[in-house]
Number of protein chains: 2
Amino acid sequence: MFHFVNAKENIVQEAIDGILSASGGRLSRLDGYPFIRVVMRADWDKSKVAIISGGGSGHEPAHVGFVGEGMLTATVCGDIFASPSVDAILAAILAVTGKAGCLLIVKSYTGDRLNFGLAAERARTFGLSVEMVFVEDDISLPEPQAARGIAGTLIVHKIAGEVSEAGGTLENVVVAATRAATNVMTIGMSLDTCSVPGSEKEQRIAPGKIELGLGIHGEPGVGQVTFESARRAMSYAVDAFKPRMRSETYVALLNNLGGSTALEMSVLARELLVSSIGSRLSHIIGPSAMMTALDMKGFSITLYPLNIDDELLLSEPSPLNSWPGMRTLGEPSVMPMPHGLTPLKFTPSSNPSVEGLIKRCCDTLIAAESELNALDAKTGDGDTGSTLAVAARALLSNLENMPLGDSAQLFLALAQELNQSMGGSSGVLLAIFFSGAGDSASKGHDFKVALREGLIKMKKVSGANVGDCTMVDALEPALNALKTSLSDAATAARKGADQTKNITKANAGRASYVSADQLIGNTDPGAEAVARVFEVLVE
Amino acid sequence: MFHFVNAKENIVQEAIDGILSASGGRLSRLDGYPFIRVVMRADWDKSKVAIISGGGSGHEPAHVGFVGEGMLTATVCGDIFASPSVDAILAAILAVTGKAGCLLIVKSYTGDRLNFGLAAERARTFGLSVEMVFVEDDISLPEPQAARGIAGTLIVHKIAGEVSEAGGTLENVVVAATRAATNVMTIGMSLDTCSVPGSEKEQRIAPGKIELGLGIHGEPGVGQVTFESARRAMSYAVDAFKPRMRSETYVALLNNLGGSTALEMSVLARELLVSSIGSRLSHIIGPSAMMTALDMKGFSITLYPLNIDDELLLSEPSPLNSWPGMRTLGEPSVMPMPHGLTPLKFTPSSNPSVEGLIKRCCDTLIAAESELNALDAKTGDGDTGSTLAVAARALLSNLENMPLGDSAQLFLALAQELNQSMGGSSGVLLAIFFSGAGDSASKGHDFKVALREGLIKMKKVSGANVGDCTMVDALEPALNALKTSLSDAATAARKGADQTKNITKANAGRASYVSADQLIGNTDPGAEAVARVFEVLVE
């Protein structure tokens, strides 16, 4: 696996500096590189209880992304998946702790427990009030092993952080954090292990398997089963939670372990709602990548029982982009469809002269089918003639229903007809042309002006101008000359079509993908069709 | 590749429903499933100019994640990487457009240009004012091909959205959006292609190569080179931008194409700042996944020249979690290290009796080295004896510097000595034990009480209690009996140590990882060491 990093030993500090640089001055770090990597709120004045967390890196945005108002005061960053040193933790405590004291929120791993524990003891010898809460939210491992701390830690951060932010005492903060840590539960699963920069990727999870009860360091979960679907995956989590759910309502935190797409995470949010515990989930935090295992293609779900106090604390708005906020979870809101999507109905009307013109155009296009296909085959996929012939036949068979006596209505009807019967981009472009003309004619413009306005719309959408080897090469000069006479228009169209033979470079349309030596000497089939239509109209 | 999805044909609508369910009522959708997938602001009253975007899915959070105050009014979601239908786009326009009109912001791909173009024409026949802006920000492809619309589209969304939010007319919105679309430029690159659910992954980019000028659908970029580092990757982007940078200062939008980790994106943010154009970047949006190509392991950088108007518009706070906001870009803020990290200095003092006790303990531990190692080897890595002996020798050699005459100071000094000389978790745990005791003794407690308080701290951090087959099994009964006499303490320690032979299940410590048949019959080496120390103290 290759990663967007430089020297392996500098990853964590370069990443921290990147976050700090982009934080708009909200974050600072201690001057302790390379061994002491402590990130703290730049606006901290020690007047409130400091909330400190941290641990190994590789869980981003945890924990630097959660340093800020209402969550963490400071965080201590170890190497990837490795506990920070006692000195680094002590530095964080000493840097941000005032008379109000501090709380250390520690994910339960041996290294973190010991190092945070000793740092707390050392800090106390400075006369500081230091308390500690361990998070052990992973419910997947069988007892008696101590449970690991995973994504549920974020619930503890937020609850403790908001109590501190509101001016709570250290005792208030410890009570709230302990309540959160005691009641939060999480389960994770993944379709693959994670890849650590500079290390060989472990191939423990075979393609098509899903590992259940996964931690956040690539350590093995409780077992693997065959992966079936998002729904089935969600059911494993639901089955694990159900026997432990003793409260009425819960908030769910849906966490991306790093490598799942936003699309998948949204599907999983849907599955959570429609699961058998969905009705007991009143709120949701996420889906979002909050506590990751680098690029692990998995997710975790955290449940936390909601009481009114915690609901208020978790609902507090946050300036932190990494914290997605808590929202109510409910059925999607659905609005009625607007009117106007049914095909327009036109009142048929007769105009023998217009009918004759259309018939001649259609007959011409049908007759030119194979010639136009042959032209197209030289630089394209050889179907321009057939596409036009199909549309022409459809139009002929529906002529009796057309509003031939009203040019504005007729243009709109032609747009609809071509859009329905003609495939490919030319069908849509001609529909835009006639729709634009119809819109213009509806405003009282002469049909010649209307057609030119239709052309402008079509050119804007396609990006094609004269010289790009498209039907515009014939259509634009023809419509300009139409101000003078139909005969001039036909002459201009023919001249424009013939000139497409000399084009060697196009800026839009399919010719822009074709090399000069393929283009030269070939007439564009769309322009040729336009020229033939104008020529037959003159006859 | 396996994905957290259910039936392939339902991915987009299930994902949309998931987002809507988790939106807390902020978003609605039109009742047009399965073909018409339009998401809109639930609070929209048509009084302002509607801003509509959309296109193929697979770019999440774009575009549903940007529907809300100050950005999009509605978005139209096609299948993965496929343009939505004309009907779907028309439905969106009709649903949200009032007298103020609407602007369509369209990424420049043929399908999107045509379908949005025709939908606009059809909407105009309803008398609605509909304008359209194409985004063509990809600067990677050689002219003359039309540039694609990629992550720079988000700049256009935000600028147009904020002008509308502020009550601007359709003309104001079009002017602002056109300015944004004209000046924004983006370049992307990736270490791998993306995996589309239900399709075979294209293996176009070999491991160790990086493809430059990549789009957001896995379509090929302009070329591949050997990947060297984050710094070198950033230099390709910088080289592409430099000749096109005609303004003084720019904002950079740093976008994760989906599969890069937050750690890597932060390293890239750092590289952007220290690059040769870093001094001209006054602001940054991100790093964040905003316009993705599913799970593509790449990134894109967008540059946009900042004038005062756009700076204000882009700085507007947003309630949208997918929009990371614009922040100033600058050198990381660094705070001085706190005092107190240097090892504590103790004033040596003498106390022959205490000195004698310590010497006897140390001698005992040194003498027991191989026996304790042998005990440890039965269930662990066989180094408990050596670890203790090393610490004992270090302590003996430093005895003259210890504050032997002051028990509080002595405990703290022992903690520091053990933490420095004794490896593994037992060194940290004993340091916590003596630190806790020192902290207690400093508050005036008797040394017996102080040692018990040290034990409480150590138990909390380790999670180990009597019965978990650790040194606590001897230490706790000993300290409890110490209230009576040293002799009772020694008897209790021995009894506790011997009882560890009968333990078959531990809830903490290394024994929790060992099976019952391995545990039974073996004395814990830590408990044995404690018993021997107490026994020698009685002699």
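Note that the coordinates shown come from a computational prediction; the quantities given were computed from them, not determined experimentally.

Reading guide: rules and limits
Residues numbered from 1 in each chain as written. Chains lettered and ligands numbered in written order. Predicted model: local features only at pLDDT ≥ 70, side-chain atom pairs only at ≥ 80, totals over all residues. Heavy atoms only, no water. Contact = heavy atoms within 4.5 Å. Buried area = accessible area lost by both parts, 1.4 Å probe. Salt bridge = Lys/Arg side-chain N within 4 Å of Asp/Glu carboxyl O. Polar contact = N/O pair within 3.5 Å; in protein donor to acceptor, adjacent residues only side chain to side chain. Helix = DSSP H or I, 4+ residues; strand = E, 2+ residues; numbered from the N terminus. Least-squares fit on C-alpha atoms with pLDDT ≥ 70 in both. Buried < 20%, exposed > 50% of the residue type's maximum accessible area, 1.4 Å probe, protein only. Arc of directions from axis to C-beta. Domains from an automatic or database assignment. Pairing = 2+ DSSP bridges. Axes fitted to C-alpha atoms, helices over the stretch in contact; angles between N-to-C directions. Phe/Tyr/Trp six-rings, centres within 6.5 Å; stacked < 30°, edge-to-face > 60°. Parallel < 35°, antiparallel > 145°, perpendicular 65-115°, else oblique. Left-handed = near helix turned anticlockwise from the far one by under 90°. Disulfide = S-S within 2.5 Å.

On the side of chain A, 116 residues touch chain B, which itself brings 117 residues to the contact. If you sort the residues of chain B by the area they bury against chain A, Phe2, Phe4 and Leu263 of chain B come out on top, with a joint share of 9%. One can count two salt bridges joining chain B with chain A. With its nearest N and O atoms 3.5 Å apart, the salt bridge here joins lysine 457 of chain B to glutamate 121 of chain A. Along the contact surface separating chain B from chain A lie 31 residue pairs in polar contact (both at pLDDT 80 or more). With 10 residues, the single largest contributor to the side of chain B that touches chain A is helix H7 (residues 262–274) of chain B.

The subject of this paragraph is the relation of the copies chain B and chain A. With an axial shift of 0.0 Å and an RMSD of 0.1 Å, the rotation relating chain B to chain A amounts to 180°. In short, the pair behaves as if placed about a two-fold rotation axis. Here 99% of the contact residues of chain B are again contact residues in chain A; the copies associate through an equivalent surface.

Take helix H10 (residues 369–377) of chain B next. Residue and element names in this part refer to chain B. Of all the positions in H10, only Leu372, Asn373, Leu375 and Asp376 are classed as buried. Within H10, the buried residues cover an arc of 160° as seen down the axis, which keeps them to one side. Its buried side turned inward, H10 meets helix H11 (384–397) and helix H18 (525–538).

Once the domains are mapped, chain A shows domain 1 (8–196 + 204–328) and domain 2 (352–538). Spacing between the C-alpha centres of domain 1 of chain A and domain 2 of chain A amounts to 62 Å.

Turning our attention to the environment of asparagine 502 of chain A. Residue and element names in this part refer to chain A. By secondary structure assignment, the location of asparagine 502 is in the loop between helix H16 (486–499) and helix H17 (516–519). Residue classification places asparagine 502 among the exposed positions, given a relative accessible area of 55%. Through-space distance from the C-alpha of asparagine 502 to that of glycine 467 is 9.4 Å; in sequence the pair is 35 residues apart.

Residue and element names in this part refer to chain A. With mixed pairing, the seven strands of this open sheet are ordered in space as E9-E8-E7-E12-E10-E11-E13. Whereas interior strands pair on both sides, the edge strands pair on one side only; in this sheet they are strand E9 (223–226) and strand E13 (326–328). Along the sheet, successive strands turn relative to each other by an average axial angle of 25°, direction set aside. Of the strands in this sheet, strand E10 (250–256), strand E11 (281–288) and strand E12 (298–305) touch helix H4 (residues 153–165), which is tilted by about 45° from E12. Its contacts with the sheet place helix H5 (residues 170–183) against strand E7 (185–190) and E12, and it is angled at close to 125° to E12.

Okay, the packing of aromatic side chains next. Tallied over the entire structure, the rule returns 10 aromatic pairs over all chains. The interplanar angle of 90° and the centroid separation of 5.7 Å between the aromatic rings of phenylalanine 227 of chain A and phenylalanine 4 of chain B together place this pair among those described as edge-to-face. Placement of phenylalanine 227 of chain A in the loop between E9 and helix H6 (230–241) and of phenylalanine 4 of chain B in the segment before helix H1 (11–21) is noted, with the two residues assigned to different chains. For phenylalanine 227 of chain A, a relative accessible area of 9% translates into the label buried. Relative accessible area serves as the criterion here: at 0%, phenylalanine 4 of chain B is assigned to the buried category. Through successive ring pairs, a cluster of aromatic residues spans Phe2 and Phe4 of chain A together with Phe227 and Phe299 of chain B.

Attention now moves to unusual backbone geometry. Looking along the chain, the bond that leaves glutamate 60 of chain A and enters proline 61 of chain A is cis, with omega of 10°. Along the chain, proline 61 of chain A falls in the loop between strand E3 (50–57) and strand E4 (74–80). Residue histidine 63 of chain B is reached from alanine 62 of chain B by a cis peptide bond, and omega for that bond is 0°. Structurally, histidine 63 of chain B is set in the loop between strand E3 (50–57) and strand E4 (74–80). The phi dihedral of cysteine 469 of chain A is positive, around 65°, even though this residue is not glycine.

So, about the packing of helix H6 (residues 230–241) of chain B against H7 of chain B. All names here are of chain B. Packing of H6 against H7 leaves a shortest axis separation of 9 Å and a crossing angle of 55°. When the axis of H6 is compared with that of H7, the two are oblique. The two elements H6 and H7 meet at a crossing, and its hand is right-handed. Residues Ala230, Arg231 and Met234 of H6 touch H7, and the partners they reach there are Val267, Leu268, Glu271, Leu272 and Val274.

The next thing to look at is the environment of isoleucine 16 of chain A. All names here are of chain A. Position of isoleucine 16 relative to the elements: it lies in helix H1 (residues 11–21). When its relative accessible area of 4% is taken as the criterion, isoleucine 16 is described as buried. As for isoleucine 16 and alanine 42, which are separated by 26 residues in sequence, their C-alpha atoms are 14 Å apart. Those residues within four positions of isoleucine 16 in sequence are excluded, and the remaining contacts are Tyr33, Arg37, Val39 and Cys77.

Here we come to the sheet that holds E4 of chain B. Taken in spatial order, the seven strands make up an open sheet running E14(A)-E1(B)-E2(B)-E4(B)-E3(B)-E5(B)-E6(B), and their pairing is mixed. Each edge of the open sheet is held by one strand with a lone partner, namely strand E14 (333–335) of chain A together with strand E6 (130–135) of chain B. Neighbour to neighbour, the strand axes of the sheet diverge by 25° on average, direction disregarded. When strand E1 (residues 27–30) of chain B meets strand E2 (residues 38–41) of chain B, the two strands line up antiparallel, connected through three bridges. Bridged to serine 28 of chain B within E2 of chain B is methionine 40 of chain B.

Under the defined criterion, the tally for this structure stands at zero disulfides over all chains. Here cysteine 77 of chain A stays unpaired: no disulfide links it, and the sulfur of cysteine 102 of chain A, its closest cysteine neighbor, is 16 Å away. Take cysteine 194 of chain B: it sits in no disulfide, and the sulfur closest to it among the cysteines is that of cysteine 77 of chain B, at 18 Å. According to the relative accessible area criterion, cysteine 194 of chain B is buried, its value standing at 6%.

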